[in-house]
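# Structure at a glance
Listed here are the chains, written in short residue letters.
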Amino acid sequence: MPAGSDMHHGGTFPIGKKRHINVNSNCKLNGHKNLYIIDGSWLKRIPEKPHTFTLIANALRIANHIS
C-alpha cells in the first residue's frame with residue numbers, strides 16, 4: 001500500500017467547541033494535565049484525500065511544543 005493511502009477516523013475531539021470534552025490548538029485535552037490527542041480525532045472534518053502526512057506533521061509539531 002503506498003504511503004498516505006490508509007484511512008484514519010477523525011472528528012471525535014473537536015478543537016475549540018464549547019463542549020465538556022475538547023482540545024486546544026496544541027491538541028491538549030482540556031481539563032487534563034499533559035494529555036495530548038495527536039491522532040486523527042482532533043480533525044474537525046475528514047478530508048477527502050488521505051491525511052496520513054497531516055497527522056505525522058501534527059505529531060511532530062506537538063512533540064516540539066511539549067519538549
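Note that the structure is a prediction, hence the values are computed from the model and not measured. (Residues numbered from 1 in each chain as written. Predicted model: local features only at pLDDT ≥ 70, side-chain atom pairs only at ≥ 80, totals over all residues. Heavy atoms only, no water.)

### Describing the environment of Ile 62
As for its placement among the helices and strands, Ile 62 is situated in helix α1 (residues 52–66). The exposure class of Ile 62 is buried, given its relative accessible area of 1%. Along the sequence, Ile 62 and Ser 25 sit 37 residues apart, while their C-alpha atoms lie 9.8 Å from each other. Apart from residues no more than four positions distant in its own chain, Ile 62 is found in contact with Asn 26, Cys 27, Tyr 36 and Ile 38. (Helix = DSSP H or I, 4+ residues; strand = E, 2+ residues; numbered from the N terminus. Buried < 20%, exposed > 50% of the residue type's maximum accessible area, 1.4 Å probe, protein only. Contact = heavy atoms within 4.5 Å.)

### Looking at α1
Over its 15 residues, α1 runs 21 Å from end to end, which matches the ideal 21 Å to within 8%, given 1.5 Å per residue. For α1, the set of buried residues is Thr 52, Leu 55, Asn 58 and Ile 62. The buried residues of α1 occupy an angular sector of 125 degrees when the element is viewed end-on, so they sit on one face. Pointing more than 90 degrees away from the buried face of α1 are the exposed residues Phe 53, Leu 60 and Asn 64. (Expected span 1.5 Å × (residues − 1). Arc of directions from axis to C-beta.)

### Considering the environment of Ser 25
Residue placement: Ser 25 occurs in the segment before α1. Among the residues examined, Ser 25 registers a relative accessible area of 55% and is labelled exposed.

### Thoughts on unusual backbone geometry
A positive phi angle, near 60 degrees, is found at Cys 27, a position not held by glycine. On the basis of relative accessibility, which here comes to 0%, the residue Cys 27 falls in the buried class. Despite not being glycine, Asn 34 has its phi angle at roughly 60 degrees, a positive value. In this fold, Asn 34 is placed in the segment before α1.

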